[in-house]
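The residues making up each chain are set out below.
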Amino acid sequence: MKDLKMKKCLILVYASSVLVFLGGCASEKLVARYTVPAAAVKTSNLSDISPLSIVVSAKLYGNIAVNPAAIESSVKQQVASRLYQEGELKSTDIIWGNLQGGNMVSSTFRKYNSTHGYARYVTDEHKGGTLFLDITAALNNNLVKETTTFELKRLPYNRKDKEKEKPTSVPDYERIQKEKVDVEYDILQTEGKGILKARMIDKHGAEIYKKSFPLGFSRKNSLQVHEAPMTANDIFAYMVARPIESLVTEISPHQESRALQVNDKGCEQGILLLQAHAYAEAATFLENIEPKTPADWENLGLAYEILGDYTLAREAYTQGACPARINALDALEKKRLASEKERSK
C-alpha cells in the first residue's frame, strides 16, 4: 500500500512537471493514430515491390516556361518522401554502370547520413517493383480583364447659416447621393490542367496497380498588387499534392488519425497525465486507482487506444459504458476488413 501511494505521488509529480514544461500549451484534444492497410495493394505484395523504383515522365505544354526534368525529379522526390514518412514501403534509386563508382556513391551517402527519402542500392538487376508515373499537363498564364461594380456615395453637410453658406460638420442624410461605378482592371489567371497516370508492376513483371488522377490548378493575381507570377514548380506542387496523398494511401500501408476528447469528470491526476501526453503513465495510474468512475474507465480506454492496444481499450470502454467509443473502434476494424476484401478481388 505504501509503495502504491508513493507510485501515485511520483506519477502526479511527473504530470505536473510535464505540464510546467509545456507552458500551459496542453490541450484536452488528444490524437490517436492508426495504421491502415493499403487500399489497392495486398499486404502480401509488399515484399514483391519493395524496394520500389519510381519512374516519372512528364509531357508539358502551355506558355509557362518549364523544365520537364525538374518536374519529374520533384514529383519523384515527393512520392518517395511520402512513402518514407509512412515507413512501410521503401523506394530506391538504382545506380547502374560502374560498380566501383556506385559503391563510392553509396558509401558517401552512408557517411553523411542522407535522409532525403530514398534508399540507394548498387545493383546490376532490379529486384523490386516499379511505379510508373506519366504526367501530361498544360500550364498557362492568361491576361484577362475583370470588372467590379461598387456604389459611390456622396454625403453633403447641413448648412445652418444659409446667408453665409458656411458648411457645418453635421451630415445631411436626406440629400445623400448614390452612383454605380464600374472599374475594369487586369488579372493574371494561372491555370494548370492535366492527368497523372500511375501504373505499378511487381518484381515478376505483373501489373498489380493502375489508376489515373486528374490534375488541376487555378489562381488569379491582380497586376495592381505587383505579385510575382508563379513558377512551374510552384504550380505543380499544388497540382500533385492531393493526387500523391491518394496514391500513397492506395499502394502503401499508412497512418490515419482522429481527435479524442478527455472526459473531464474523471480523476484529476489521470486527466493531467493525458493532457501532458504521458499516455503510458496515465494508463498505469488509472489502472491502479480504486474505485474507478465511468469517466476514469473512459479515460483509461483513451490512453490504451492512443498507445495502440485496442483490446484493452475496448475492455475499458465496456467497463465505462462508452458505446460511442466502442462503435468507433468497430468502424476502424470494419474499414480494415473492407480494405482487405477489396484488395483480395
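Description of the structure in this document.

**Observations concerning the environment of Leu-60**
Here is step 1 of the chain: Note on placement: Leu-60 falls in strand β2 (residues 52-61).
Here is step 2 of the chain: Taking relative accessible area as the criterion, Leu-60 reaches 15% and is therefore assigned buried.
Here is step 3 of the chain: Sequence separation between Leu-60 and Ala-138 is 78 residues; the distance between their C-alpha atoms is 5.6 Å.
Here is step 4 of the chain: Not counting the four nearest positions on each side in its chain, Leu-60 is found in contact with Val-66, Pro-68, Ile-71, Ala-137 and Phe-236.

**A word on the pattern of salt bridges**
Here is step 1 of the chain: In the structure shown here, the tally under the stated rule is 11 salt bridges.
Here is step 2 of the chain: Across the pair Asp-186 and Lys-145 runs a salt bridge whose closest N-O atoms are separated by 2.7 Å. Here the residue Asp-186 occupies a position in strand β6 (residues 177-201), and Lys-145 occupies one in strand β5 (residues 130-154), the gap between them amounting to 41 residues.
Here is step 3 of the chain: Judged by its relative accessible area of 56%, Lys-145 is exposed.

**What to know about the environment of Asn-158**
Here is step 1 of the chain: With respect to the helices and strands, Asn-158 occurs in the loop between β5 and β6.
Here is step 2 of the chain: As a C-alpha pair, Asn-158 and Tyr-173 span 15 residues in sequence and 9.0 Å in three-dimensional space.

**Quick word on the pairing of strand β7 (residues 207-222)**
Here is step 1 of the chain: In this structure, β6 lies alongside β7, joined through 15 bridges in antiparallel fashion. Residue pairing for β7: Gly-192 is matched across the bridge by Phe-217.
Here is step 2 of the chain: Hairpin remark: β6 followed by β7, antiparallel, with 5 residues in the connecting loop; positive phi at Gly-205, about 90 degrees.

**A closer look at the packing of helix α3 (residues 68-86) against helix α5 (residues 232-251)**
Here is step 1 of the chain: Contact geometry of α3 with α5 gives a least axis separation of 10 Å together with a crossing angle of 35 degrees. At the point where α3 passes α5, the crossing takes the right-handed sense. Counting all contacts with α3, which are made through Ala-70, Ile-71, Val-75, Gln-78, Val-79, Arg-82, Leu-83 and Glu-86, the residues of α5 involved are Ala-232, Asn-233, Phe-236, Val-240, Ile-244, Glu-245, Leu-247, Val-248 and Ile-251.
Here is step 2 of the chain: When the residues that make up the contact of α3 with α5 are grouped by side-chain class, the tally is 12 nonpolar, 2 polar and 3 charged.

**Re the packing of aromatic side chains**
Here is step 1 of the chain: Enumeration over the complete set of coordinates arrives at 1 aromatic pair.
Here is step 2 of the chain: We note Lys-292 situated over the ring of Trp-297; from NZ or CZ to the ring centre the distance is 4.9 Å.

Conventions adopted
Residues numbered from 1 in each chain as written. Predicted model: local features only at pLDDT ≥ 70, side-chain atom pairs only at ≥ 80, totals over all residues. Heavy atoms only, no water. Helix = DSSP H or I, 4+ residues; strand = E, 2+ residues; numbered from the N terminus. Buried < 20%, exposed > 50% of the residue type's maximum accessible area, 1.4 Å probe, protein only. Contact = heavy atoms within 4.5 Å. Salt bridge = Lys/Arg side-chain N within 4 Å of Asp/Glu carboxyl O. Pairing = 2+ DSSP bridges. Axes fitted to C-alpha atoms, helices over the stretch in contact; angles between N-to-C directions. Left-handed = near helix turned anticlockwise from the far one by under 90°. Nonpolar A, V, L, I, M, F, W, Y, C, P; charged D, E, K, R; others polar. Phe/Tyr/Trp six-rings, centres within 6.5 Å; stacked < 30°, edge-to-face > 60°. Lys NZ or Arg CZ within 6 Å of the ring centre and 35° of its normal.

Remember that the coordinates give geometry; whether it matters functionally is a separate question.
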